[in-house]
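# What the coordinates show
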Amino acid sequence: MSDTLIYAMSTRGSMKLEQFNELFRRVYFPSLEQVEESVEVDVRRQIVRILDSLGYCEFDFDGRIVYMCKPTLILLPVFGLPKAALVGARSPALIQKLKAAVKGHRNKAVLKYLQHSGVNAAIPAALCIEAMDVETIQEIARDVRIACETSWPAAWALANISSSLNNIKDSLNFESRAEPNWKRRVFLKERLFFSGFRTDNPENFLAEYKDPVSQQLHHWLWKDGAAAQVGRDWGRYVFLAEEGVNILLYDEKLQKIAVPVTVPLPCILARAVALCTGMAPLLATICPKRVGAVPPGHSIQIYSGITNVIAKLVASKLCQKLIYTRFEIDRGGVLYA
């Protein structure tokens, strides 16, 4: 079932977001009577972010269109023999061609299937080629007639070209405004999510407003009585930086970084850390005590293969200070740090 969704999406170069939602329901929840709507929405949101971060497609929520990325072999930032992951659209025919091409280089390359599990079961298996040299990966791409980016690991390139929090802050236009008479939620730094409760600081806060007609969400950052519109993902990190709240946990020995599920990384940075391995992040729960500013029992995503240099680069882009700790995850998916 993990490949069904991406195979169906790959039959089109792009589709409307409503078409994706219907396709998702048919593939992931064939019997809608057996699932509550809230669960469906949460799972869909999680899968949407992972598909985007792994480079399969790009979601334009403003234009409400999903664009499939072109099939490409991208270099992973690993030590030892070079490794490349397949990203973008895929089909059974393309996979067969890739298998045949790797088989033609059997003494110099191997194709590995890495299956996802748990809540990530709907994510396509990661296809990774390990080769004796970069030239072999390039030859395989030519045989399959797909793009190949091996001059530089994609994770490095994405982390470097990503915008920074300082750029976002400089672009904000604070103006004296009246709050709209719409349903409002405020982002709570103590709990790391939007809540209908009022903020303790009425002058400085990040608010989410729902347009009663279009149902679209708008986010305003308030500061000393003035407000500026901001994107949801970047807005949360702008607010946390202003408040001096650090939420990125890092295990340097295991090369893993943990990010609260309710404060996901902005799109390009999420893709940068995901393409360190080409694998979806592991979902876990913080132990019964606060770690840094992450509340006890909070859900987190753990990305692997994150070198210290990349972790520091991502943190600097977000004006975050890494919280260095040790990760120990028990069988119940609880992280002790």
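Here, residues in each chain are numbered from 1, in the same order as that chain's written sequence. Note on the predicted model: pLDDT of at least 70 is required for a residue's local features to be given, and 80 or more for side-chain atom pairs to be given and counted; whole-chain, interface and lining totals, by contrast, use all residues. To obtain the side-chain values, all non-hydrogen atoms of the structure were used and water was disregarded.

### Description of the overall build of the protein
The following threshold applies: The secondary structure listing takes helices from DSSP runs of H or I that are at least 4 residues long and strands from runs of E that are at least 2 residues long, numbered from the N terminus. Restricting the calculation to C-alpha atoms gives the radius of gyration, and the globule rule supplies 2.2 Å times the number of residues raised to the power 0.38. Relative accessibility decides the category of a residue: with a 1.4 Å probe and only protein chains considered, values under 20% of the type maximum give buried, values over 50% give exposed, and everything between is partly exposed. Two residues qualify as a contact provided that any one of their heavy atoms is within 4.5 Å of a heavy atom in the partner residue. For the accessible areas, the method is Shrake-Rupley and the probe is 1.4 Å, while residue cover comes only from the protein chains on display. When charges are tallied, Lys and Arg are placed among the positive residues and Asp and Glu among the negative ones, while His and the ends of the chain are skipped. Lys charges are placed at NZ, Arg charges at CZ, Asp charges at CG and Glu charges at CD.
Tallying secondary structure elements over the protein gives ten helices and 21 strands in all. A globule of 337 residues ought to have a C-alpha radius of gyration of about 20 Å, and the protein, at 21 Å, matches this closely. Its C-alpha atoms put the protein at 65 × 45 × 40 Å along the principal axes. Considering the protein as a whole, with its 337 residues, one finds that 49% of them fall into the buried category. Taking as baseline every contact in the protein between residues at least 6 positions apart, the subset at least 24 positions apart corresponds to 64%. Per element, the accessible surface of the protein, about 16,600 Å² overall, is 51% carbon and sulfur. Across the protein, the centroid of the 41 positively charged side chains sits 5 Å from that of the 34 negatively charged ones.

### Focus: the pattern of salt bridges
When their charged atoms lie close together, side chains carrying opposite charge are able to pair. Just so we agree on the cut-off: One speaks of a salt bridge when a side-chain nitrogen belonging to Lys or Arg is within 4 Å of a carboxyl oxygen belonging to Asp or Glu.
Counting across every chain of the model gives 18 salt bridges. Among the salt bridges present, the one from Arg185 reaches Glu208, with a minimum N-O distance of 2.9 Å. Here Arg185 is found in strand β10 (residues 183-188), whereas its partner Glu208 is found in strand β12 (residues 205-210), with 23 residues between them in sequence.

### Looking at the nonpolar core
Stated precisely, the cut-off is as follows: Among buried residues, those of type Ala, Val, Leu, Ile, Met, Phe, Trp, Tyr and Cys that are joined through side-chain atoms within 4.5 Å constitute a nonpolar core.
Counting residues in each nonpolar core, the largest one holds 74 residues, and the members touching the most others are Met9, Leu51, Ile247 and Leu265. With residues near it in sequence (within four places) discarded, Leu51 still touches Leu5, Ile6, Met9, Tyr56, Cys57, Phe59, Ile123 and Pro124. Of all hydrophobic cores here, the second largest spans 18 residues; its members include Leu73, Leu98, Ala109 and Ile146.

### Observations regarding the environment of Ala226
Within the fold, Ala226 resides in strand β14 (residues 226-229). Here Ala226 falls in the buried class, since its relative accessible area comes to 17%. Considering only alpha carbons, one finds Ala226 and Arg177, 49 residues apart in sequence, at a separation of 6.3 Å.

### Considering the sheet that holds strand β1 (residues 14-16)
Our working definition: Strand pairing is assigned whenever DSSP detects at least two bridges linking the two strands. Angular values range over 0 to 180 degrees, each being the angle between N-to-C directions of two axes fitted as lines to C-alpha atoms, with helices fitted over their stretch in contact.
Spatially, three strands are ordered β1-β3-β2 in an open sheet, and the strand pairing comes out antiparallel. Single-partner strands in this sheet number two, and they are β1 and β2 (57-60). Across the sheet, the axes of successive neighbouring strands diverge by a mean angle of 15°, strand direction being ignored. Where β2 and strand β3 (residues 65-68) come together, four bridges link them in antiparallel fashion. Looking across to β3, one finds that Glu58 is bridged to Tyr67. Contacting β1, β2 and β3, helix α2 (residues 17-28) runs over the sheet at an angle of about 90° to β1.

### Considering α2
Note the threshold: One less than the number of residues in a helix, times 1.5 Å, gives the span that helix is expected to have. Read the arc as the range of directions from the helix axis to the C-beta atoms.
For α2, spanning twelve residues, the distance from its first C-alpha to its last is 16 Å, which sits close to the expected 16 Å at 1.5 Å a residue. Looking only at α2, the buried set comprises Leu17, Phe20, Asn21, Leu23, Phe24 and Val27. One side of α2 carries all its buried residues, which in axial view fall inside an arc of 165°.

### Digging into the sheet that holds strand β17 (residues 282-286)
The seven strands lie next to each other as β19-β15-β16-β18-β17-β21-β20, forming an open sheet whose pairing is mixed. The two strands at the open ends of the sheet, each matched to only one other strand, are β19 (323-324) and β20 (328-329).

### A few points about the pairing of strand β16 (residues 256-260)
Where burial is concerned, most of β16 is hidden: four out of the five residues are buried. Both β16 and strand β18 (residues 299-304) contribute to a ladder of five bridges, which runs antiparallel. Considered in β18, the bridge of Ile257 is made with Tyr303.

### Considering the side chain of Ser10
Note that Ser10 resides in the loop between α1 (4-9) and β1. Residue classification places Ser10 among the buried residues on the basis of a relative accessible area of 18%.

### Concerning the confidence of the model for the protein
In plain terms, the rule: Residue-level confidence of the predictor is what pLDDT reports, using numbers from 0 through 100.
Confidence in the prediction of the protein, expressed as mean pLDDT, is 90, and 94% of residues score 70 or more. Overall, residues 31-41 carries pLDDT values under 50, and its contacts beyond four positions in sequence, including any with other chains, amount to seven contacts.

### A few points about the packing of helix α4 (residues 92-103) against helix α5 (residues 134-144)
Here is the rule we go by: By definition in this entry, angles of less than 35 degrees are roughly parallel, angles greater than 145 are roughly antiparallel, angles of 65 to 115 are roughly perpendicular, and the rest are oblique. Rotating anticlockwise by less than a right angle from the far helix to the near helix defines a left-handed crossing, while the corresponding clockwise rotation defines a right-handed one. Lys, Arg, Asp and Glu make up the charged group, whereas Ala, Val, Leu, Ile, Met, Phe, Trp, Tyr, Cys and Pro make up the nonpolar group; the residues left over, Gly among them, are polar.
Here α4 crosses α5 at 135°, and the two axes come no closer than 9 Å. Between α4 and α5, the angle falls in the class oblique. When you trace α4 past α5, the crossing you get is right-handed. Where α4 abuts α5, its residues Leu94, Lys97, Leu98, Ala101 and Val102 lie against Ile140, Asp143 and Val144. Along the lines of polarity and charge, the residues of the contact of α4 with α5 split into six nonpolar, no polar and two charged.

### Topic: the pairing of β3
Here β3 shows a clear split, with Val66 and Met68 buried on one side and none of Ile65 and Tyr67 buried on the other. Sheet analysis places β1 next to β3, joined by three bridges and oriented antiparallel. Of the residues in β3, the one forming a bridge with Ser14 is Tyr67. Linking two consecutive strands that pair antiparallel, namely β2 and β3, is a turn of four residues; a positive phi of about 55° is found at Arg64 within it.

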